[in-house]
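Structure at a glance
Listed here are the chains, written in short residue letters.
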Amino acid sequence: MAKLILSMDGLVLKEITLIKERTSIGRKPHNDIQIDNLAISGEHAIIVVILDDAFLEDLNSTNGTYVNGQPVKKHVLKDGDMVELGKYRLKFIKESAEFMSSSTFDKAFVGVPEPDPLAAAPRGHTETMVGFGTETVAADIGTATSWAAPGDMLKTKPDQAVGMVQILSGKNAGRELELSKSLTTLGKPGTQVAVITRRPHGYFITHVEGGSFPIVNGRQIDAQAHLLVDQDVIELAGVKMGFYLRPLG
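All values derive from a computational prediction rather than experimental measurement.

**Considering the overall build of the protein**
- Scanning the protein for helices and strands turns up one helix and 23 strands.
- Residues counted as buried form 48% of the 249 residues belonging to the protein.
- Taking all contacts inside the protein whose residues are at least 6 apart in sequence as the whole, residues at least 24 apart take part in 46%.
- When the accessible area of the protein is evaluated, it comes to approximately 12300 Å², of which 51% is carbon and sulfur surface.

In structure tokens form, the structure reads like this:
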């Protein structure tokens, strides 16, 4: 499990294990990592942990966020990276684990000119590429599970049916994608991106990138993974999609 070592002027202050999907950093008390210093913005940055990857995002802080001396807005954290916020340092330590993913965020958001918008070939056992129009986003990332009522779990068991996404609006209306991979990323890089995770007890959608969160059945979801149910309607990056379950066999 990954962790952070907080220090200032070479003095270690705290060790933080990244056990949450989202870890907030800032001066205000509600942050998971509070740094009470005027050089730190009230809500300075967040770290999102998705499976074996950790992503750092600066929240438009006043004095910026640096990694290994370079200013960053978004950055995939690698073992040994030094995150710098004012005089404070957060060393990222990624402890080794069996069956670790070899993905990198650098490969994640890549535009591919004029691909097949929905049927692009996957590049790995946990990856599917999905495009909106002429833009394609590919990511080897996933999300944490979320609580769901037992009745809802029965509706979305992947061992009984396979999830499908159908484009309902725009020039690609009618196109379908089978959610056969562990993780499927949808959206437009730089605009709005979400990931659908296939798990033993259902399909979950989680916000990854963008100022607004995806909308499911007319209601905006929050930062937690949201269980999808048969016939749900998803709105993402200006595109409306239908999620449904196709029985196996």
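**Notes on the pairing of strand 5 (residues 45-50)**
- Counting buried positions along strand 5 gives six out of six residues, so the element sits mostly inside the fold.
- In this sheet, strand 5 lies alongside strand 3 (residues 22-26) in antiparallel orientation, the contact comprising four bridges. Note that in strand 5 the partner of S24 across the bridge is I46.
- Two elements, strand 5 and strand 6 (residues 53-58), share six bridges in a ladder whose sense is antiparallel. Along strand 6, the bridge assignment pairs I47 with L56.
- Taken together, strand 5 and the strand that follows it, strand 6, pair antiparallel across an intervening segment of two residues, in which L51 is found at a positive phi of about 55°.

**Quick notes on the sheet that holds strand 21 (residues 226-227)**
- Spatially, 16-17-18-21 is the arrangement adopted by the four strands of the open sheet, whose pairing is antiparallel. Looking at the sheet topology across the chains shown, the edges are occupied by strand 16 (183-188) and strand 21.

**Topic: the environment of A45**
- Among the secondary structure elements, A45 is positioned in strand 5.
- In this structure A45 comes out as buried when scored by relative accessible area, which is 0%.
- Between the C-alpha atom of A45 and that of K74, which follows or precedes it by 29 residues, the distance is 9.7 Å.
- Other than its neighbours up to four places away in sequence, A45 contacts T23, S24, I25, L56, E57, D58, L59 and T65.

**Observations concerning unusual backbone geometry**
- One non-glycine residue, N60, lies in the positive phi region at around 55°.
- Backbone geometry places A237, a non-glycine residue, at a positive phi of 55°.
- Examined against the element boundaries, A237 turns out to sit in the loop between strand 22 (232-236) and strand 23 (239-247).
- Take A237: its relative accessible area is 10%, and that puts it in the buried class.

**Re the nonpolar core**
- Core analysis: the largest hydrophobic core is formed by 25 residues, its most contacted members being I196, I205, I234 and M241.
- Taken together, the elements giving at least two residues each to this core come down to strand 14 (161-167), strand 17 (192-199), strand 18 (202-209), strand 22 and strand 23.
- I234 has contacts with I196, I205, I215, V216, L228, V239, K240, M241 and F243, leaving out every residue within four places of it along the chain.
- Membership of the second largest hydrophobic core comes to 22 residues, among which are L6, I16, V49 and L90.

**So, the pairing of strand 2 (residues 11-17)**
- Of the strand pairs in this sheet, strand 1 (residues 3-8) and strand 2 are connected by six bridges, and their pairing is antiparallel. Residue pairing across strands places L4 opposite I16, the latter belonging to strand 2.

**Let's talk about the pattern of salt bridges**
- Within the structure shown, the criterion is met by four salt bridges.
- Among the ionic pairs, E15 bridges to K3, the shortest N-O distance being 3.4 Å. Residue E15 is found in strand 2, and its partner K3 is found in strand 1; the two are separated by 12 residues along the sequence.
- The exposure class of K3 is buried, given its relative accessible area of 17%.
- Of the charged contacts in the structure, one is a salt bridge between D32 and K20, with a shortest N-O distance of 2.8 Å. Of this pair, D32 sits in the loop between strand 3 and strand 4 (33-34) while K20 sits in the loop between strand 2 and strand 3, and the two are 12 residues apart along the sequence.
- Classification of D32 as partly exposed rests on a relative accessible area of 32%.

The rules we used
- Residues numbered from 1 in each chain as written.
- Predicted model: local features only at pLDDT ≥ 70, side-chain atom pairs only at ≥ 80, totals over all residues.
- Heavy atoms only, no water.
- Helix = DSSP H or I, 4+ residues; strand = E, 2+ residues; numbered from the N terminus.
- Buried < 20%, exposed > 50% of the residue type's maximum accessible area, 1.4 Å probe, protein only.
- Contact = heavy atoms within 4.5 Å.
- Areas by Shrake-Rupley, 256 points an atom, 1.4 Å probe, with all protein chains shown as cover.
- Pairing = 2+ DSSP bridges.
- Core = buried A, V, L, I, M, F, W, Y, C linked by side-chain atoms within 4.5 Å.
- Salt bridge = Lys/Arg side-chain N within 4 Å of Asp/Glu carboxyl O.

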